[in-house]
Every structure is written in structure tokens, then in C-alpha cells.
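Here's the letter readout for the chains.
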Amino acid sequence: MGADSSRRRGTEGRISQWLRRRPRPQPEADDAARLELLLAVAEAGMPIAPAAHPSGFRCSCERIGCPTPARHPVSFAWQTQSTTDRAQIERWAADQPLANFITATGLVHDVLDVPLAAGQAALERLTDAGVDVGPVARSGADRMLFFSATRGTPEDEDEWWPCELDCHPETMDEHPGLRWHCRGSYVLLPPARLPGDLDVHWIRGPEHPLPDPLTLLETLTDACAQYADSADEGDLDHGSVAWPLSR
């Protein structure tokens, strides 16, 4: 009887060890969910391209002192590389399972990028007023992204000029206000991982239609002004890093 009991315990121990060694299904489930979200963005007409990802507390690009770790495209040709082609996105997702993705703005959509506190206040006001807000994402610990239809590219290129709200995506000067990502810019797309166990995730997904940016702008700028006033009074942390309004 004692021998049988010992054999059973030995067998149970080996099974437990085998179960612990078995690959967990979670990464595959995460990969499938990630691909589904990326394809939903593409189906909404927003072009995407691969981006860097966290490597410990550094960036996968291995650039010393990378100013935007895990937030920038892999290729300098990201504007021409960005696509909504399903087959290409599936290949990228399979070949680069750790990669984040950016979406190039100014073609189909723009992004109004605001401090998190201002974005939360504005989102509540807009939804209470019955405004069709469109897709909204939280980026890291301190920013909120409001996706809108693009303000467009005029047929006559000479008539186009950068607005003072335009945002260059890789400039890292502090500013408490709104950044308008339009032509020549991009934002990191959900789902994305950032150093320090931070992420970029949808609050309202890409299935929501893109609104006219002007329906959001007044409420967002008012909320940002209130945020800046609070910052001037010392109620907010000035240590966060942000991009400027002009380039």
C-alpha cells in the first residue's frame, strides 16, 4: 500500500512539473486579440505601420538615449509604408510579435492629443452633451487621444500650411496643452506596450465613426486651459514629458 501511494505521489509530482513547463495559451490569445484590434483600425481606413517596443526599460531600437522609447516607427519610410492592407498587417503581426504599431495621421484621420486629466473631463462633457465623440485611447500615464476625421489636404498644395496646433511626434518638450496630429505626424496605436508596465489602450474603439474635429475642439481646448491653470497653481506634476504645439 505504501509503495502504491509513493508511486501515485511520484506520478502526480511529474504531472505537476509537466503542467508548469507547458506553454501557456495566453500569449496566443493575446496575439489573436492584438491582430483583431489592428485589423479593426485598418478596416476603419486608418493606415498603420510597425513601431518599436519595450526592451526592459529601454527601446528595442537600441539607440542610446532614445527620446521616445517604444513610441516611434521602425522604418524611416513609415509614411509610405503605412497601409490598411489586411495581408500585410497579418504578416507584420506574425513576423514581429513584440512590435507596437503607429497610425499615420493626416490621410484619413487626425488625432487630438491632450493631457489625461483634461481628456477625462472633456470626454465626460462631450458624452453628457450627446456629441458623437468617436474613437478615444489612453496613452501611457498622462495622455488621452481623440481620433477624428482629418481636416484634409487641399488639392492645391501651396494652400496648405501647418497650424500652430500641429504636432511633431518626436519632439519631447514639455507642454500642458493640446497637440493636433495631422499630416506628417503619427500616434502610437492601441494595443501597445510602453516601458514601466504602461500601455496604450482603447477607451472607445475604432468601430466608432470618426467625428469632425471641430465638434471636439472647443471642449478639448477649454479642458486643456483649465488643466494649464491648475498646473500654474501647482496642483499638477510638472515632471511629465510632452510634445510641443508647434514645430
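I will try to describe carefully the structure that is included in this document. (Residues numbered from 1 in each chain as written. Predicted model: local features only at pLDDT ≥ 70, side-chain atom pairs only at ≥ 80, totals over all residues. Heavy atoms only, no water.)

All right, on to the overall build of the chain then. When you go through the chain residue by residue, the secondary structure sums to six helices and eleven strands. Per-residue burial for the chain yields a buried fraction of 40% across its 247 residues. Considering only contacts within the chain whose residues lie at least 6 apart along the sequence, 78% involve residues at least 24 apart. On the chain, roughly 13700 Å² of surface is accessible, and the fraction owed to carbon and sulfur atoms is 51%. (Helix = DSSP H or I, 4+ residues; strand = E, 2+ residues; numbered from the N terminus. Buried < 20%, exposed > 50% of the residue type's maximum accessible area, 1.4 Å probe, protein only. Contact = heavy atoms within 4.5 Å. Areas by Shrake-Rupley, 256 points an atom, 1.4 Å probe, with all protein chains shown as cover.)

Another aspect to go through is the pattern of salt bridges. All told, the structure shown has four salt bridges when counted by the stated rule. A salt bridge links Asp113 to Arg143, with the shortest nitrogen-to-oxygen separation between them at 2.8 Å. In this pair, Asp113 sits in strand S5 (residues 109-115) while Arg143 sits in strand S7 (residues 143-149), placing the two residues 30 residues apart along the sequence. Using a relative accessible area of 1% as the deciding quantity, one classes Asp113 as buried. Overall, the relative accessible area of 6% leaves Arg143 in the buried class. (Salt bridge = Lys/Arg side-chain N within 4 Å of Asp/Glu carboxyl O.)

Before going further, it helps to examine helix H5 (residues 116-128). The terminal C-alpha atoms of H5, which comprises 13 residues, lie 18 Å apart, in line with the 18 Å expected from a rise of 1.5 Å per residue. Residues of H5 that are buried include every one of Leu116, Ala118, Gly119, Ala122, Leu123 and Leu126, and no others. Viewed end-on, H5 has its buried residues packed into an arc of 145 degrees, placing them on one side of the element. In H5, the exposed positions angled more than 90 degrees off the buried face are occupied by Glu124 and Asp128. Taken from the residues just after H5, Gly130 is the one with a positive phi, measuring 75 degrees. (Expected span 1.5 Å × (residues − 1). Arc of directions from axis to C-beta.)

Moving on, we get to the sheet that holds strand S1 (residues 48-51). Spatially, three strands are ordered S1-S4-S9 in an open sheet, and the strand pairing comes out antiparallel. Both edges of this open sheet fall to S1 and strand S9 (186-189), since each of them pairs with a single strand only. Here the average twist between neighbouring strands, direction ignored, is 35 degrees. Pairing analysis gives four bridges linking S1 to strand S4 (residues 100-104), with the strands arranged antiparallel. (Pairing = 2+ DSSP bridges. Axes fitted to C-alpha atoms, helices over the stretch in contact; angles between N-to-C directions.)

Moving on, we get to the sheet that holds S7. Two orientations exist for strands paired in a sheet by backbone hydrogen bonds: parallel and antiparallel. In spatial order, the strands read S8-S5-S7-S6-S11-S10; together these six strands make up an open sheet with antiparallel pairing. Only two strands of the sheet have a single partner each, and these edge strands are strand S8 (179-181) and strand S10 (192-194). Taking the axes of each pair of neighbouring strands and ignoring which way they run, one obtains an average angle of 25 degrees across the sheet. Pairing between strand S6 (residues 136-139) and strand S11 (residues 198-204): four bridges, direction antiparallel. The residue bridging Arg138 from the neighbouring strand is His201, located in S11. Across the sheet, H5 is in contact with S5, S6, S7 and S11; its angle to S7 comes to roughly 50 degrees.

Our next topic: the nonpolar core. Ranked by size, the top nonpolar core spans 20 residues in total, and within it Leu112, Val114, Phe146, Leu178 and Leu220 carry the most contacts. The element contributing the most residues to this core is helix H6 (residues 214-232), with six residues. Those residues in contact with Leu112 that sit more than four places away from it in its chain are Met144, Leu145, Phe146, Leu178, Arg179, Trp180, Pro213, Leu216 and Leu220. The next biggest cluster of nonpolar side chains, apart from the first, holds 17 residues, and it includes Leu39, Ala99, Ala137 and Trp202. (Core = buried A, V, L, I, M, F, W, Y, C linked by side-chain atoms within 4.5 Å.)

A separate point is unusual backbone geometry. Pro190 connects to Pro191 through a cis peptide bond whose omega is -5 degrees. Along the chain, Pro191 turns up in the loop between S9 and S10. Positioned with a positive phi, Glu62 is a non-glycine residue whose angle comes to about 65 degrees. Assignment of secondary structure puts Glu62 in the loop between strand S3 (58-59) and helix H3 (78-81). The phi dihedral of Ala70 is positive, around 65 degrees, even though this residue is not glycine. Residue placement: Ala70 occurs in the loop between S3 and H3.

Moving on to the packing of aromatic side chains. Taken as a whole and assessed by the stated rule, the structure comprises three aromatic pairs. Ring geometry for Trp78 against Tyr186: centres 4.8 Å apart, planes inclined by 75 degrees, an arrangement best described as edge-to-face. Taken together, the residues span a long stretch of sequence, with Trp78 in helix H3 and Tyr186 in strand S9 at a distance of 108 residues. In terms of burial, Trp78 and Tyr186 fall into one category: buried. (Phe/Tyr/Trp six-rings, centres within 6.5 Å; stacked < 30°, edge-to-face > 60°.)

Looking now at the environment of Gly177. Structurally, Gly177 can be placed in the loop between S7 and S8. As a C-alpha pair, Gly177 and Ala118 span 59 residues in sequence and 8.9 Å in three-dimensional space.

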